[in-house]
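Breakdown of the fold
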Amino acid sequence: MKRIILILTLALLGGTATATAEEHREIRITHGPWLCDMDATGVTVMWKTDRPALSWVEVAPDDGKHFYSNAHPRHYDAEHGRRRALETLHKVRLEGLQPGTRYMYRIFSQATDGWSYSDYAHFGKTVSTSVYQQEPLRFTTLDPKADSVRFVVFNDIHGRAEDLRDLCRQVDFAACDFVVLNGDMRSTTESEEQLFEGWLDVCVECFASQVPILFVRGNHENRGAYADRLYDYFPHPSGRFYHTFKAARTEFVVLDCGEDKPDTDIEYGGIAEFDPYREREARWLSEALDSDSKRRIVFLHIPPATSTWHGDLHLQQTLLPILNRSSVDLMISGHTHRYALYRADDTVHFPRLVNDNRSGMRVVVGRDTVRVTIFGTENRRLSFGIDRK
Ligand SMILES: [Fe+2]
């Protein structure tokens, strides 16, 4: 027994010695925070640090009081019952918020300096966003009962970060409830650096710390060694890239187009299987839509029934028949790099609006219309009727 105690003591001392050597190291927030997966009662806060850390978010209603008016509960980056302390990519899901309500928040990461054994971890310096020298970060939850909701759409940026920044300069994000990234933000994603440098850092710089990203996967998000990690940066409680949410009495349907060529194409190197993926998505879609909702807007990167490429043809077999039966008011797409408006017809029972690769769209969903302003290369104003219910 004495021998066991001695070994444990030595182990603890050894761990402490390691921690002492490292405990004064600084920790930095290197990217973010960016908000994603906003709904009426929750949002996910994401950020990156240069060292592993224990991380949390403090949140408070933006009720006119200073952030320092009270202590705020900590919402930890935790998974499966354990606070994650060995990661540099941090994610905190805030739940139980009030719909249509403005909040202040602050992120914290406390460096994990060492780890002796079992759960004897050693935590060091803490870094956070400022609430004193600059205003606290803020966000507003979506409101399913609101009369209107406003959003902006960017797509097919293909890593042109400077072009994305130019488009963002033309947007008043204070008048925007969320920003849709509607696919193909890069052509391939080979590393985390490409993800940040290609577009995500610009989003953080321009809006994403306070206006949430709605991430819609395009076909090019499926390419590159790092494509398998994209989900980690835009997690969703469903575990999927496709899902639905509600705002302004409208059901928003976020769909995933998959790849555009046959899975066996030489370009996919033998690792694509999007036919079964789209079939699973269709089975989900047939159950997912709220039959009580008469107002519906769909985001799908590849506009169906506009070409004879395999991805398009397979979307026509899988998702389109369900959408045609589902009171869709408008589909918003990209992919072709050319503006187009396809009116409802016998094949597709709703309008498809296709944004080009150098324009953005401001969209306001009101009581009985969806108003779209396209800015950038194209400059157009469009209006679509939407069911009043
Ligand atoms: Fe595309």
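In what follows, the structure referred to is the one given above.
Residues numbered from 1 in each chain as written. Predicted model: local features only at pLDDT ≥ 70, side-chain atom pairs only at ≥ 80, totals over all residues. Heavy atoms only, no water.

A few words on the overall build of the protein chain. Looking only at helices and strands, the protein chain has seven helices and 22 strands in total. Against the 2.2 N^0.38 benchmark of 21 Å for 389 residues, the protein chain shows a C-alpha radius of gyration of 23 Å, consistent with a compact globule. Dimensions along the principal axes, computed over C-alpha positions, put the protein chain at roughly 80 × 55 × 40 Å. Considering only residue pairs separated by 6 or more positions, the protein chain has 69% of its internal contacts joining residues 24 or more positions apart. When the accessible area of the protein chain is evaluated, it comes to approximately 17,800 Å², of which 49% is carbon and sulfur surface. (Helix = DSSP H or I, 4+ residues; strand = E, 2+ residues; numbered from the N terminus. Rg over C-alpha atoms; globule rule 2.2 N^0.38 Å. Contact = heavy atoms within 4.5 Å. Areas by Shrake-Rupley, 256 points an atom, 1.4 Å probe, with all protein chains shown as cover.)

A few words now on the environment of asparagine 324. Mapped onto the elements, asparagine 324 comes out in helix α7 (residues 320–324). Asparagine 324 sits 155 residues away from arginine 169 along the chain, and the two C-alpha atoms are 37 Å apart. In contact with asparagine 324, not counting residues within four places along its chain, are Thr347, Val348, His349 and Phe350.

Binding of the iron ion to the protein goes through Asp184 (OD), Asn219 (OD1), His301 (NE2) and His335 (ND1), at separations of 2.1 to 2.2 Å. Here the donor residues for the iron ion map to a single chain with the spacing D-x34-N-x81-H-x33-H. Highlighted residues: aspartate 184 in the loop between β12 (178–181) and α3 (192–208) and asparagine 219 in the loop between β13 (213–215) and α4 (230–233), separated in sequence by 35 residues. By the burial criterion, aspartate 184 is buried, and asparagine 219 matches it. (Donors = N, O, S within 2.8 Å, 3.2 Å for Na, K, Ca; no water. Buried < 20%, exposed > 50% of the residue type's maximum accessible area, 1.4 Å probe, protein only.)

This part is about the pattern of salt bridges. Scanning all chains against the criterion turns up 33 salt bridges. We note a salt bridge from aspartate 37 to arginine 93, for which the minimum N-O separation is 2.9 Å. Note that aspartate 37 is positioned in the loop between β1 (29–36) and β2 (43–49) and arginine 93 in strand β7 (residues 89–94), a separation of 56 residues in sequence. A relative accessible area of 11% places aspartate 37 in the buried class. Notably, a salt bridge pairs aspartate 62 with arginine 102, separated by 3.1 Å at the nearest N-O pair. With aspartate 62 in the loop between β3 (53–61) and β4 (74–76) and arginine 102 in strand β8 (residues 102–115), the pair connects residues that are 40 residues apart, well separated along the chain. Put simply, Arg223, Glu259, Asp260, Lys261 and Glu267 are held in one network by salt bridges that share partners. (Salt bridge = Lys/Arg side-chain N within 4 Å of Asp/Glu carboxyl O.)

Overall, the coordinates contain 25 aromatic pairs when judged by the stated rule. Every member of this aromatic cluster is reached through a ring pair, and the members are Phe151, Phe178, Phe245, Phe252 and Phe299. The ring of phenylalanine 375 is capped by arginine 362, whose NZ or CZ atom sits 4.3 Å from the centre of that ring. (Phe/Tyr/Trp six-rings, centres within 6.5 Å; stacked < 30°, edge-to-face > 60°. Lys NZ or Arg CZ within 6 Å of the ring centre and 35° of its normal.)

Further remarks concern empty space enclosed by the protein. Summed over the entire model, instances satisfying the criterion amount to two cavities of 30 Å³ or more. The computed volume of the largest cavity comes to approximately 100 Å³. In terms of lining residues, the largest cavity is bounded by Cys36, Asp37, Ile213, Leu214, Phe215, Phe234, Pro235, His236, Arg240, Phe241 and His243. The element contributing the most residues to the lining of the largest cavity is β13, with three residues. Broken down by class, the residue content of the lining of the largest cavity amounts to seven nonpolar, two polar and two charged. Roughly 50 Å³ of internal volume is contained in the second largest cavity. Lining the second largest cavity, in full, are Asp37, Met38, Leu142, Phe178, Pro212, Ile213, Leu214 and Phe245. Considering only residue class, the lining of the second largest cavity consists of seven nonpolar, no polar and one charged. (1 Å grid on protein atoms, 1.4 Å probe; cavity = no way out; pocket = protein on both sides within 12 Å on 5 of 7 lines; lining within 4 Å. Points joined across faces, edges and corners; volume = space filled by probe spheres on them. Nonpolar A, V, L, I, M, F, W, Y, C, P; charged D, E, K, R; others polar.)

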